[in-house]
Amino acid sequence: MATALAPSNFQPHFKRVAAGEDRHADVYCVIASLVGNGKTLDDIRKQAETLGVPKIGPYYPYIDGDLIAKILAAHGLVATVWKEAKDFKELPDVAIAMVDYDADWEVGRCVVFHRMRSEDGKTIQPYCVDSATGKPAAITDLTGLVPSWYLGVTQMQRQAGK
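My aim in this report is to walk through the structure given alongside it, one point at a time. Quantities reported herein were computed from a predicted structural model and do not represent experimental measurements.

Counting across every chain of the model gives two aromatic pairs. On the basis of an interplanar angle of 15° and a centroid distance of 5.0 Å, the ring pair of Phe88 and Phe113 is categorised as stacked. Of the two residues, Phe88 is situated in the loop between β2 (83–84) and β3 (94–102) and Phe113 in strand β4 (residues 107–117); the sequence distance between them amounts to 25 residues. Its relative accessible area of 1% is what places Phe113 among the buried residues.

A word on the nonpolar core. In this structure, Ile31, Leu34, Leu72 and Ile96 are the most contacted members of the largest nonpolar core, which totals 36 residues. For this core, the secondary structure elements donating two or more residues are α1 (26–35), α2 (41–50), α3 (65–73), β1 (77–79), β3, β4, β5 (124–130) and β6 (147–155). Residue contributions to this core peak at eight residues, all from α1. Not counting chain neighbours up to four residues away, the residues in contact with Leu72 comprise Ile31, Leu34, Val35, Leu77, Ala79, Ile96 and Val153. Formed by 13 residues, the second largest nonpolar core is a distinct cluster that contains Ala95, Phe113, Leu145 and Tyr150.

With that out of the way, let us pick up the state of the cysteines. Tallied over the entire structure, the rule returns zero disulfides. Here Cys29 is not cross-linked by a disulfide; its sulfur's nearest cysteine counterpart is in Cys110, at 11 Å. On the basis of relative accessibility, which here comes to 1%, the residue Cys29 falls in the buried class. Considering cysteine sulfurs only, Cys110 is the nearest to Cys128, which forms no disulfide, with 11 Å between them.

We now examine the pattern of salt bridges. Evaluation of the coordinates by the stated rule reveals five salt bridges. One network of salt bridges, in which partners are shared, links Asp93, Arg115 and Arg117.

Attention now goes to α3. At 3.6 residues per turn, the α-helix brings residues three or four places apart onto the same side. Burial in α3 covers these residues: Gly65, Leu67, Ile68, Ile71 and Leu72. For α3, the angular spread of the buried residues around the axis is 160°, confining them to a single face. Exposed residues on α3 whose side chains face more than 90 degrees from its buried face are Asp66 and Lys70. Where the residues of α3 are buried, they touch α1, α2, β1, β3 and β6.

Two measures define how a pair of helices packs: the angle their axes make with one another and the distance between the axes. Put simply, α1 and α3 touch, their axes get as near as 11 Å, and they point 25° apart. Here α3 runs roughly parallel to α1, going by the angle between their axes. Considering the relative orientation of α1 and α3, their crossing is right-handed. Residues Val27, Ile31, Leu34 and Val35 of α1 form the contact with α3, whose participating residues are Ile68, Ile71 and Leu72. Per-class residue counts for the contact of α1 with α3 are seven nonpolar, no polar and no charged.

Moving on, we get to α1. Among the 10 residues that make up α1, 10 are buried, leaving the element largely enclosed by the rest of the structure. Along α1, the positions that sit buried rather than exposed are Asp26, Val27, Tyr28, Cys29, Val30, Ile31, Ala32, Ser33, Leu34 and Val35. Backbone geometry just after α1 places Gly36 at a positive phi near 70°.

Taking burial as the measure, the 11 residues of β4 include eight buried ones, the bulk of the element. As paired elements, β3 and β4 share seven bridges and run antiparallel to each other. What sits directly across from Ala95, in β4, is Phe113. Connecting β3 to the antiparallel partner β4 that follows it, the hairpin turn spans four residues, and Glu106 within it adopts a positive phi of roughly 55°. Here β4 folds back onto β5 in antiparallel fashion, the turn holding six residues, of which Gly121 has a positive phi close to 75°.

Procedures and definitions
Residues numbered from 1 in each chain as written. Predicted model: local features only at pLDDT ≥ 70, side-chain atom pairs only at ≥ 80, totals over all residues. Heavy atoms only, no water. Phe/Tyr/Trp six-rings, centres within 6.5 Å; stacked < 30°, edge-to-face > 60°. Helix = DSSP H or I, 4+ residues; strand = E, 2+ residues; numbered from the N terminus. Buried < 20%, exposed > 50% of the residue type's maximum accessible area, 1.4 Å probe, protein only. Core = buried A, V, L, I, M, F, W, Y, C linked by side-chain atoms within 4.5 Å. Contact = heavy atoms within 4.5 Å. Disulfide = S-S within 2.5 Å. Salt bridge = Lys/Arg side-chain N within 4 Å of Asp/Glu carboxyl O. Arc of directions from axis to C-beta. Axes fitted to C-alpha atoms, helices over the stretch in contact; angles between N-to-C directions. Parallel < 35°, antiparallel > 145°, perpendicular 65-115°, else oblique. Left-handed = near helix turned anticlockwise from the far one by under 90°. Nonpolar A, V, L, I, M, F, W, Y, C, P; charged D, E, K, R; others polar. Pairing = 2+ DSSP bridges.

This is the structure:
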């Protein structure tokens with residue numbers, strides 16, 4: 001059975017991209033965290049605008065699973081469709097998780113979920129990276145943080161050339 005890593009020794013694989021005061025930026029920040037390579041909130045926002053998201057809101061009709069998948073695909077990542085969840089145990093090793101979900105408004109806050117495994121597979125540390133203001137670089141105590149929906153994220157398979 002795998003054991004959890006000690007939080008004091010913990011270094012997250014995915015780096016936090018802060019949303020600042022923009023309450024609609026959580027999805028863009030999560031994408032920037034997943035993509036890495038120094039991508040910023042503005043880089044992802046500009047990419048979304050090339051795919052039809054307006055420069056000035058409202059944004060919510062445009063930022064859906066299809067848009068997220070298109071942006072991730074441009075960076076070599078594949079996203080599943082949105083799936084329901086009640087616990088992080090139901091999520092794949094890397095996912096965009098929607099937490100603090102309000103079913104009446106059908107909105108929530110997106111975070112990066114990662115189940116980081118040691119190279120030998122003997123230790124596992126699940127954590128979340130949250131772009132919300134005032135959050136730490138990584139949250140290892142997931143108590144009280146409950147996913148309602150998620151998109152699994154994997155590396156795109158490269159096809160061998162002919």
